[in-house]
2 protein chains.
Amino acid sequence: MTIESVSEKRSHGGVQGVYKHASAATGTEMTFSVFVPDHEPDAQLPVLWYLSGLTCTHANVTEKGEFRAACAEHGIIFVAPDTSPRGEGVADDAEGAYDFGLGAGFYVNATQQPFSKHYKMRDYIERELPEVVAANFPVDMARQGITGHSMGGHGALTISLRNSGRFKSTSAFSPIVSPLNCPWGHKALGGYLGEDKAAWAEYDACALIDGGARLPDLLVDQGDADNFLAEQLKTHLLVEACDRAGQKAAIRMQPGYDHSYYFISTFMAEHVAWHAERLKA
Amino acid sequence: MTIESVSEKRSHGGVQGVYKHASAATGTEMTFSVFVPDHEPDAQLPVLWYLSGLTCTHANVTEKGEFRAACAEHGIIFVAPDTSPRGEGVADDAEGAYDFGLGAGFYVNATQQPFSKHYKMRDYIERELPEVVAANFPVDMARQGITGHSMGGHGALTISLRNSGRFKSTSAFSPIVSPLNCPWGHKALGGYLGEDKAAWAEYDACALIDGGARLPDLLVDQGDADNFLAEQLKTHLLVEACDRAGQKAAIRMQPGYDHSYYFISTFMAEHVAWHAERLKA
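Quick summary incoming for the structure in this document.

Procedures and definitions
Residues numbered from 1 in each chain as written. Chains lettered and ligands numbered in written order. Predicted model: local features only at pLDDT ≥ 70, side-chain atom pairs only at ≥ 80, totals over all residues. Heavy atoms only, no water. Salt bridge = Lys/Arg side-chain N within 4 Å of Asp/Glu carboxyl O. Buried < 20%, exposed > 50% of the residue type's maximum accessible area, 1.4 Å probe, protein only. Helix = DSSP H or I, 4+ residues; strand = E, 2+ residues; numbered from the N terminus. Polar contact = N/O pair within 3.5 Å; in protein donor to acceptor, adjacent residues only side chain to side chain. Contact = heavy atoms within 4.5 Å. Buried area = accessible area lost by both parts, 1.4 Å probe. Pairing = 2+ DSSP bridges. Axes fitted to C-alpha atoms, helices over the stretch in contact; angles between N-to-C directions. Least-squares fit on C-alpha atoms with pLDDT ≥ 70 in both.

A short note on the pattern of salt bridges
At step 1: Scanning the entire structure with this criterion turns up 32 salt bridges over all chains.
At step 2: Put simply, A:Asp82 and A:Arg86 hold a salt bridge, and the shortest N to O gap is 2.6 Å.
At step 3: Taking the relative accessible area as the measure of exposure, A:Arg86 reaches 29% and is therefore partly exposed.
At step 4: Salt-bridge contacts for B:Arg252 lead to B:Asp221; the nearest nitrogen and oxygen are separated by 2.7 Å. Of this pair, B:Arg252 sits in strand 9 (residues 250-254) while B:Asp221 sits in strand 8 (residues 219-223), placing them 31 residues apart in sequence.
At step 5: Linked through salt bridges whose partners overlap, the residues forming this network are A:Arg122, A:Glu126, A:Arg162 and A:Glu202.

A look at the environment of A:Lys280
All names here are of chain A.
At step 1: Here Lys280 lies in the segment after helix 9 (261-278).
At step 2: On the basis of relative accessibility, which here comes to 53%, the residue Lys280 falls in the exposed class.
At step 3: Separated by 137 residues in sequence, Lys280 and Arg143 place their C-alpha atoms 7.8 Å apart.
At step 4: Only 3.4 Å separates the side chain of Lys280 from the side chain of Glu277, close enough to count as a polar contact.

Quick word on the environment of A:His39
All names here are of chain A.
At step 1: With respect to the helices and strands, the residue His39 is situated in the loop between strand 3 (29-36) and strand 4 (45-51).
At step 2: Counting along the chain gives 62 residues from His39 to Gly101, while the straight-line C-alpha distance between them is 39 Å.
At step 3: At a separation of 2.8 Å, a polar atom in the side chain of His39 contacts the main-chain carbonyl oxygen of Pro37.

Some remarks on the interface of chain B and chain A
How big an interface is tends to be reported as the loss of accessible area on association of its parts.
At step 1: Of the residues lining the interface, 20 residues belong to chain B; the matching set on chain A comes to 20 residues.
At step 2: When the area that chain B buries against chain A is broken down by residue, the three leading residues are B:Arg10, B:Glu66 and B:Tyr262, summing to 38%.
At step 3: Run the count over chain B and chain A and you get 4 salt bridges.
At step 4: Among the ionic pairs, B:Asp258 bridges to A:Lys9, the shortest N-O distance being 2.8 Å.
At step 5: Counting every contact that joins chain B to chain A gives 14 residue pairs in polar contact (both at pLDDT 80 or more).
At step 6: For the side of chain B that touches chain A, the elements supplying multiple residues, two or more each, are strand 1 (4-11), helix 1 (58-64) and helix 9 (261-278) of chain B.

A short note on the side chain of A:Ser33
At step 1: For A:Ser33, the location among the structural elements is in strand 3.
At step 2: Here A:Ser33 is in contact with A:Gln16, A:Gly17, A:Val18, A:His58, A:Thr62, A:Phe78, A:Val79 and A:Ala80, once residues within four sequence places are set aside.

Focus: the sheet that holds strand 4 (residues 45-51) of chain B
Residue and element names in this part refer to chain B.
At step 1: The strand order across the open sheet built from 9 strands is 1-2-3-5-4-6-7-8-9, with neighbouring strands paired in mixed fashion. The two strands at the open ends of the sheet, each matched to only one other strand, are strand 1 and strand 9. With direction set aside, neighbouring strand axes in the sheet form an average angle of 20°.
At step 2: Summarising the sheet, strand 2 (residues 14-22) and strand 3 (residues 29-36) pair through 8 bridges and their orientation is antiparallel. The residue bridging Lys20 from the neighbouring strand is Thr31, located in strand 3.

So, the relation of the copies chain B and chain A
At step 1: For the pair chain B and chain A, the relating rotation is 180°, the translation along its axis is 0.0 Å, and the fit reaches an RMSD of 0.0 Å. With respect to symmetry, the two chain copies, as superposed, fit the operation of a two-fold axis. If distances are taken from each C-alpha of chain B to the rotation axis, the shortest is found for B:Lys64, at 2.7 Å.
At step 2: In this assembly, 100% of the residues forming the interface of chain B have copies in chain A that are likewise at the interface, indicating an isologous arrangement.

See below:
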């Protein structure tokens, strides 16, 4: 549970920190960022997990996400993990592609060699990192929300759907809604889990909803000028799954927005406020 | 006056663009960013110039400055130029230091070889870029504000002080307040202007105020945990110059903040609102 501070910067009245620790789940050193807003000395604050997309580390949202003003306003701790194990001996895509291997852990526990050695991002995000954060920061683990972008939106949705009751609030920015039905998903889940698609369903938000998993509510924003919408993200599959299941959800198409942090930062404050409403003590 | 679009992204209801053009002032291609908030079709909006600090390009504040929400709220166009000429044939510091040459134009017109060929950032920012922006964006040039960070805070202060009446509002984040009295200033002004310090005074905010230049008002934020405060920034010299001159100013020391964008972004919305109040039609 020991962490090492990489940097701590005062920002928006709180502290934006970056930390690293030896992860038992991945067998590597892992880096993550935490924003702790100003708070009463003995307060325990709700926590919002943000899972990043392909190619990202903790740094992208930490620098460009524009979440601190809203988290300071609402008194929410914001945690941003990395997207894969990294370091010497960690296997990567054979051609170094951006959509598999380093920066592309897809929040799964890999079962296939050579990835099964370190790519245990499901265990890391679901089990280990929450313990590390609970041990080191003033969080109220009874009040957790989760969100993410693209591959991280997929992570947020599937982790929340699989862990019924753990998260009081779940949202996503331009999520991959069904890895079973897109090239990114086929490559990643095939590579990490093998070709038996029965093993993929627990990593597919639409399949989880079809299988009976439910959330109290759901907020999704998706840009309609997003280059990945038609081939990879396929938001309509989530709309249809929610409709079939009677799952309460606000899935909003945002005109003119693309897949970048210029989009995410636009709607970040609104997402934080939406989570805050559901994370009240 | 022709510009080429490098990228345009929808963000916070407006458009965050990056553009390049052939600059007559510097004899190079120059890149700058412009955020245009959503507006009525024939509206002319006030413009806020943001001058960046050492090592930066237009990109730093564009990605990390957290200005768009506030500019969208107040209907202000935000322009961020580069900090020096760049490209083949542009002289740099002999040792490639970060505080002179590329990324360190100091907003002066260099008179010394080999820098005098391209380092005409004063002409570029004071004369050419305003014409380019006026010709290509819906700006009301009767309503201009200016701000900047560190070297760019120096730029904002000195440009506004030298051009009485042009800017209705002037602010700065952790500015270099007196190049005559700090190592960064000695190196830069010595290198660009030569050792005759009589030529330096028009690039020194404190000297300009002592010489009679005035602003309608001034807002400065400075972190007290800024590593550069004691040796380079010397905020107290500006406080003293304003006191001597009876110059109206709010110069605020912000406890715990450093020199980074974690500091700038914290106070950006407040600066934009302060400018907006003074840029009303």
